[in-house]
Amino acid sequence: MLDRHVRVVARIIAQPDAIDEVRSVLIDLIEPTRQESGCVAYEVLQADDRPAQFVVLEIWATRTDFQQHMESDHFNRAADRLAKVVAETPSILSYTDIS
């Protein structure tokens, strides 16, 4: 049986003077997100050679679980904080495993 989990790749670019703030916001999201129903994996990465660039890798059991995450209070608080310190609108792409 194929694994139909939803995989999400979010790319966040911090303003040059706000790298620490973006890192803090993303770290604050880790534990409450990992405790959500349907969260299979949630990782926050920072580029070695471009410290303003962050990637969040997520795996959700269902698309509904992912949508509920996007509507959660902790996600929306983080989104509000990030809106003030990112260099561009974050890219959030979801994928379904087809292999």
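Fair warning: this is a prediction, and the values are worked out from it, not measured in the lab.

Rules and cut-offs
Residues numbered from 1 in each chain as written. Predicted model: local features only at pLDDT ≥ 70, side-chain atom pairs only at ≥ 80, totals over all residues. Heavy atoms only, no water. Patch = residues over 30% accessible without salt bridge, like charges linked within 9 Å, V, L, I, M, F, W, Y side chains within 5 Å. Areas by Shrake-Rupley, 256 points an atom, 1.4 Å probe, with all protein chains shown as cover. Salt bridge = Lys/Arg side-chain N within 4 Å of Asp/Glu carboxyl O. Helix = DSSP H or I, 4+ residues; strand = E, 2+ residues; numbered from the N terminus. Buried < 20%, exposed > 50% of the residue type's maximum accessible area, 1.4 Å probe, protein only. Lys, Arg positive; Asp, Glu negative; His and termini not counted. Pairing = 2+ DSSP bridges. Axes fitted to C-alpha atoms, helices over the stretch in contact; angles between N-to-C directions. Core = buried A, V, L, I, M, F, W, Y, C linked by side-chain atoms within 4.5 Å. Contact = heavy atoms within 4.5 Å. Polar contact = N/O pair within 3.5 Å; in protein donor to acceptor, adjacent residues only side chain to side chain.

Concerning a nonpolar patch on the surface
Then step 1. Together, Val9, Leu45, Leu57, Leu93 and Tyr95 give the surface a local cluster of nonpolar side chains, amounting to about 390 Å² of exposed area.
Then step 2. If you trace the backbone, Tyr95 turns up in strand E4 (residues 91-96).

Re the side chain of Glu36
Then step 1. Locating Glu36 in the fold gives a position in the loop between helix H1 (19-34) and strand E2 (39-46).
Then step 2. Of the side chains bearing the opposite charge, Arg77 lies closest to the buried Glu36, which forms no salt bridge; the N-O distance is 9.7 Å.

What to know about the sheet that holds E4
Then step 1. Taken together, four strands build an open sheet; the order of strands is E2-E3-E1-E4 and the sheet is antiparallel. On the outer flanks of this sheet lie E2 and E4, each paired with one strand and no other. For this sheet the average axis-to-axis angle between neighbouring strands, irrespective of direction, equals 15 degrees.
Then step 2. Alignment of strand E1 (residues 6-13) against strand E3 (residues 53-60), held across eight bridges, turns out to be antiparallel. Its bridge partner being in E3, Arg7 is matched across the sheet by Ile59.

A look at the nonpolar core
Then step 1. Counting residues in hydrophobic clusters, the biggest one holds 23 residues, and the most contacted among them are Ile12, Val22, Leu26, Phe54 and Leu82.
Then step 2. Counting only elements with at least two residues in this core, the list comes to E1, H1, E2, E3 and helix H3 (73-83).
Then step 3. Looking at this core, the element that brings in the most residues is H1, giving six residues.
Then step 4. Those residues in contact with Phe54 that lie beyond four places of it in its chain are Ala10, Arg11, Ile12, Ala14, Ile19, Val22, Arg23, Leu26, Leu45 and Gln46.

A closer look at the side chain of Glu58
Then step 1. Position of Glu58 among the secondary structure elements: in strand E3.
Then step 2. Nearest to the buried, unbridged Glu58 among oppositely charged side chains is Arg63, at 10 Å.
Then step 3. Within the structure, Glu58 has its side chain in polar contact with the side chain of Trp60 (distance 2.8 Å).

So, the pattern of salt bridges
Then step 1. One pass over the full model with this rule turns up five salt bridges.
Then step 2. Here Arg23 ties to Asp20 by a salt bridge, and the two come within 2.7 Å at their closest N and O atoms. Taken as a pair, Arg23 and Asp20 lie in helix H1 at a separation of three residues, close to a single helical turn.
Then step 3. By relative accessible area, Arg23 is classed as partly exposed at 29%.
Then step 4. A salt bridge links Glu31 to Arg34; its shortest N-O distance comes to 3.8 Å. Of this pair, Glu31 and Arg34 both sit in helix H1, three residues apart, which is roughly one turn of that helix.
Then step 5. By relative accessible area, Glu31 is classed as partly exposed at 45%.
Then step 6. According to the relative accessible area criterion, Arg34 is partly exposed, its value standing at 43%.

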